[in-house]
Every structure is written in C-alpha cells, then in structure tokens.
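Chains, contacts and geometry: an overview
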Amino acid sequence: MRFLPVFLDLQAGPIMLAGRGELALAKLRLLLAAGARIRWFATDGHHDVGGIDATDLARIEFGEGDPLVADLRGVIAILCAGAGDIGIAMSVRARSVGLPVNVMDDPSHSTFIFPAIVDRGDVVVAVGTGGASPVVARRVRERIEAVLPARIGDLAAFIGRWRKPIHGRIPQFPLRRRFWERLVDGPIGALVLAGRSDEAEKALRAISDPSAFAGAQGSSQLEGQVTLVGAGPGDPDLLTIKALRALQDADVIFYDELVSPEILDRARRDAARVPVGRRVGKPGIGQDAINKLLIEAAKSGQRAVRLKGGDPFVFGRGGEEVEALRAAGVAYSVVPGITAGLGAAAQFEVPLTFRREALRITFLTAHKARDAGNVDWSVLTDRRMTVVVYMGMTAAPSIRAGLLAAGRFPQTPVGVFARVTRPDAQAVVGTLDELPALIRKIDGGPAILIIGDVVARSAPWRHQNLNHVISELLEAAE
Ligand code: SAH
C-alpha cells in the first residue's frame, strides 16, 4: 500500500482547484456533490460553470489571477486539473507549504489521489489501486455497491445519534462495542435497514438495561467465549462466511503455524494475535498450555478464536480443546473449515469418490514411522477405497510397505500434494511403489497424500501422461 486512505473533513476549509476545461469541471462536480467548498482558479481566467445549479454555485469562490501566487490561507488541499508545467509548479508550491496536492493524471507529482467512491451518506467506501487502474477500482466499487444495503448510511447515522447517550450508560468500552454489535446484527438494525427508523428508535428507547442487552452478566462483567475456527488449507477465499465473522468479532486469536498470514489479515485489526503452534525449529507451547490460555481468555470476558489449519476436528486436536472448555464451563462453538484433503482434491481435480471405482474414503494420519506401525493396514486393502494420509511425509516408506503388504497393487496411483491452495502449491504424482521418491521431489510441507485409482483422474496425472501406468494396473488386476 503506497496511498493510505484517510477521510478529509470538508468542513475544515475550502479545496483549491486550479485549471479549466472538462477535467476541471468533472472534479468540480464531484467536490460539490461531496459538499465541499471550492476556491477555483481557472487558469485562463474564464470560469465556465455551465450545468452547475445556483445553490451549488454559492459554494464556489472564484479566484482571480495566478494560482501559483494565490493566497492559500485556510485551504485544506489543492487539486490541479492539467498536468505539465502548471501541475508541477502547483505541486512544488503545495508541498512547500505542507498542503496535500493532487495533479490530475500525474501521480508522481501528487501527494494524494482520488479513490473510486461508494457513497451511502455517512457510510463511505474508498477504493484505490494506487493510481494503477481506475477501471479495476470501478469494478471493485460496483461489487461493493451490490452488496451494501441501500440504507447502511441511515444505520450509521442512527447509531451516531445514540452514541453519546449510550456512552453515558455503558462506560466500559468492550461492553459498549458488544452493545452496538448486537444492535446492528439484531432486529433494531434490521428495522433501520428496512426504512423503519421510527420503530427502531422506539425499540432502542425500550431497552431498560443496555448492559444486559450487550450480554453482561451481573456485575457488568462480559461473558467470554471461545470459537474453534477452521481456517482451511491456506487460500483466504476458502474461509467460510461464519469463520470470517468470528475473525472479525475476535478480541484475541490463538493460531497455529499452519495458518497463513493472508488469513490472519482478514481478522479484526485490533484483535490480539497469539501464535501457539510449533515455530520453525521450536516446539509449540503444548496442548495443556493452549487449553489454559483459551479458558483464561474466555473467563476474562474476551471473545477468543482458536484458529486452526483445515478443519478443527480433522487431526486438529479440536476435540481435546472442546473437552477442556466444557470441563471449565466456558461457552464455545465450532466453525468447520475445509480440510487439507478436500482442498487438495478440489485444486488438483482428484474425485475422492467415483462411481464403481471409489466407494469409500479413509482419512488417516501416520506422523512417525511408529504411528505407521500402529496403522492396521489390512482395513485399507479394498481397491475401491481412496486413502488420504495427513502428516505422512516422514513415514512414507512405512506407508508404502504397509499398503503393499496388505495387498494393494504397487501401481496404485498416488498423489503428493504440498501447500495446497497456496500460491506455491505443488503436486507430484506416480505410483505407490515410487512413493518415497515422489516425496523427495516435494519442496517443503505441509503435504498430504492421496492414494487410490481416482488419482489417475487428477489434473497433474493427465498432464504427465501417466496412462501407461493405468494399463499396467489393469493388467495386474486381471
Ligand atoms: N486440521 C488440519 C490438519 C492438521 S494436521 C486439516 O483439517 O487440514 C497437519 C497436516 O495436514 C499436514 O502434515 C499435512 O498433511 C496436512 N495439511 C495441512 N495444510 C495443508 C496444505 N495447505 N497442503 C497440504 N497439506 C496440508
């Protein structure tokens, strides 16, 4: 981000506009529509105000003479229509007196740029692309326009009117924030958005105990909670809407090493972030310590999110955490995530089931050779079973040996899928017999294995033209 979006108070003073012609007029209209006062220096001394109505005209001061020597007292920003020498000279002057300046179509001489704007009264959304592409900014704007309720500005104004009185009745900030969240998300917010502000007003007046409405217990102590959230395999667009909401509402987030920074970026800005997973070369703090942190956070009234890669209940120790929370009497809920196996299947087009060919799926973990020794391979002999192995990189040789001993064909297709759904995702496919060699081609974890005939239908398999392997497999099966 090179340009920080900030909002300029148009009540603070006029904006100076230098220039003439269509470009200048377009900006003049934009500024007038926003409610600005404008000091306008037409560079040719000719102010063409065609099409601007009389009430708006009252907000324009017509400056005479050279804008380069004009009086800048009170001006809050400078806008120059017309690049070239005049633009550069205006830019130099503005900077010498410390005023923000925009030279149209000349980002290199501008200290601010105009975003694409979504204007819903008090709710304003600015979309920027750092000046790179106004067309992209406009497309983003269109999408935002489409999802924002029409009366969202009314809702902001409604809350604005009630801010002070509610502040007086709920002095504690976290409780107050929760009050507004419940109001916005509940029936009162819905009334305002439906254009029924009068009824909303009445309903708000009828709240006799705002702290209780906000969910405070007895001594206005907030009730905390823990949400176990599945973050999915890496791509932030694979977060569920519920997960996103939990991240936006969180006071504190305890996250695993598998959670990508792009996902943490989607959390509320001022949420505290606590890494509790293994770090490079360092062990994690341990499950008991994590349980303790979660319980303490909830008991102190915080909304804690326990953020885990994939799904919390698939090899994620979510079950242990839930039991600890239950034993401690802490309120909790679980938001599922897309588990790595499903992420890999979707990304690399491995249909985990396929009519007549794959009728069952087994998810298993084989972290160490020792775990692999504990797996009962005999239940995995069915050729029509797809086997998805988590944490299977180091134990690969034992997995191969176990499956072969159980009678799986050495030609069984196998995929090793690393860092799935991330920008640097990698797929290596081959046969069960070659598994250890396939693993050696992986440039770093995490990686998941998918074993079964359906891997031959995957995209990487098709790209590598491995179909001769399939004929061998068919022969072996006969
Ligand atoms: N709860 C997680 C699994 C945690 S166990 C889930 O549901 O996905 C950790 C193992 O998950 C890793 O060893 C790897 O096998 C797998 N894994 C997690 N994220 C992955 C990713 N982005 N790509 C490939 N495998 C992944």
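Basis of the calculations
Residues numbered from 1 in each chain as written. Predicted model: local features only at pLDDT ≥ 70, side-chain atom pairs only at ≥ 80, totals over all residues. Heavy atoms only, no water. Pairing = 2+ DSSP bridges. Helix = DSSP H or I, 4+ residues; strand = E, 2+ residues; numbered from the N terminus. Axes fitted to C-alpha atoms, helices over the stretch in contact; angles between N-to-C directions. Contact = heavy atoms within 4.5 Å. 1 Å grid on protein atoms, 1.4 Å probe; cavity = no way out; pocket = protein on both sides within 12 Å on 5 of 7 lines; lining within 4 Å. Points joined across faces, edges and corners; volume = space filled by probe spheres on them. Nonpolar A, V, L, I, M, F, W, Y, C, P; charged D, E, K, R; others polar. Domains from an automatic or database assignment. Core = buried A, V, L, I, M, F, W, Y, C linked by side-chain atoms within 4.5 Å. Buried < 20%, exposed > 50% of the residue type's maximum accessible area, 1.4 Å probe, protein only. Patch = residues over 30% accessible without salt bridge, like charges linked within 9 Å, V, L, I, M, F, W, Y side chains within 5 Å. Areas by Shrake-Rupley, 256 points an atom, 1.4 Å probe, with all protein chains shown as cover. Salt bridge = Lys/Arg side-chain N within 4 Å of Asp/Glu carboxyl O.

Below, the discussion takes up the sheet that holds strand 12 (residues 272-275). Here 5 strands make up an open sheet; going across it, the order is 12-11-13-10-14 and the pairing parallel. Where the open sheet ends on each side, the last strands, each with one partner, are strand 12 and strand 14 (332-335). Adjacent strand axes in the sheet meet at a mean angle of 20° when their direction is disregarded. Taken together, the 4 bridges between strand 11 (residues 252-255) and strand 13 (residues 303-308) define a ladder with parallel strand orientation. From the neighbouring strand, Ile-253 faces strand 13, where its bridge partner is Val-305. Its contacts with the sheet put helix 13 (residues 318-327) on strand 10 (225-230), strand 13 and strand 14, and the angle it makes with strand 10 is roughly 170°.

Looking at the second largest pocket, its volume works out to about 1,100 Å³. Forming the walls of the second largest pocket are 41 residues, and the residues nearest its centre are Glu-257, Leu-258, Arg-278, Phe-315 and Met-391. Residue assignment for the lining of the second largest pocket shows that the elements contributing at least two residues are helix 12 (287-299), strand 13, strand 17 (413-418) and strand 19 (447-451). Considering only residue class, the lining of the second largest pocket consists of 17 nonpolar, 14 polar and 10 charged. Built from parts of two domains, the lining of the second largest pocket gets at least three residues from each of domain 3 (225-337) and domain 4 (342-464).

Taken in spatial order, the 5 strands of this open sheet run 3-2-1-4-5, and their pairing is parallel. The sheet is open, and its two edges are formed by strand 3 (60-63) and strand 5 (101-103), each paired on a single side. When the angles between neighbouring strand axes are averaged without regard to direction, this sheet yields 20°. Relative to strand 2 (residues 38-41), strand 1 (residues 15-18) is paired through 4 bridges, and the arrangement is parallel. By the bridge assignment for strand 2, Ile-15 is matched with Ile-38. Lying over the sheet, helix 1 (residues 21-34) contacts strand 1, strand 2, strand 3 and strand 4 (77-80), oriented at roughly 170° with respect to strand 2.

Time to look at the nonpolar core. Across soluble globular proteins, you tend to see nonpolar side chains buried next to one another. In this structure, Leu-380, Val-389, Ile-399, Val-416 and Leu-435 are the most contacted members of the largest nonpolar core, which totals 24 residues. Counting residues per element, the ones that place at least two in this core are strand 16 (385-390), helix 16 (396-405), strand 17, helix 17 (435-440) and strand 19. Those residues in contact with Val-416 that lie beyond four places of it in its chain are Gln-426, Ala-427, Val-428, Leu-435, Leu-438, Ile-439, Ile-442, Ala-447, Ile-448 and Leu-449. Of all hydrophobic cores here, the second largest spans 21 residues; its members include Ile-170, Ala-200, Leu-204 and Leu-222.

Segmenting the protein chain into domains produces domain 1 (15-114), domain 2 (152-218), domain 3 (225-337) and domain 4 (342-464). Using only C-alpha atoms to locate each centre, domain 1 and domain 2 end up separated by 41 Å.

We now examine a nonpolar patch on the surface. On the surface, a cluster of nonpolar side chains totalling about 400 Å² of accessible area is made up of Phe-315, Leu-342, Ile-361, Phe-363 and Met-391. Position of Leu-342 among the secondary structure elements: in helix 14 (residues 340-348).

Quick look at the environment of Val-350 now. Turning to its location among the elements, Val-350 is positioned in the loop between helix 14 and strand 15 (360-365). Given a relative accessible area of 4%, Val-350 falls into the buried group. In the structure, Val-350 is positioned 127 residues away from Glu-223 in sequence and 44 Å away in space, judged by C-alpha atoms.

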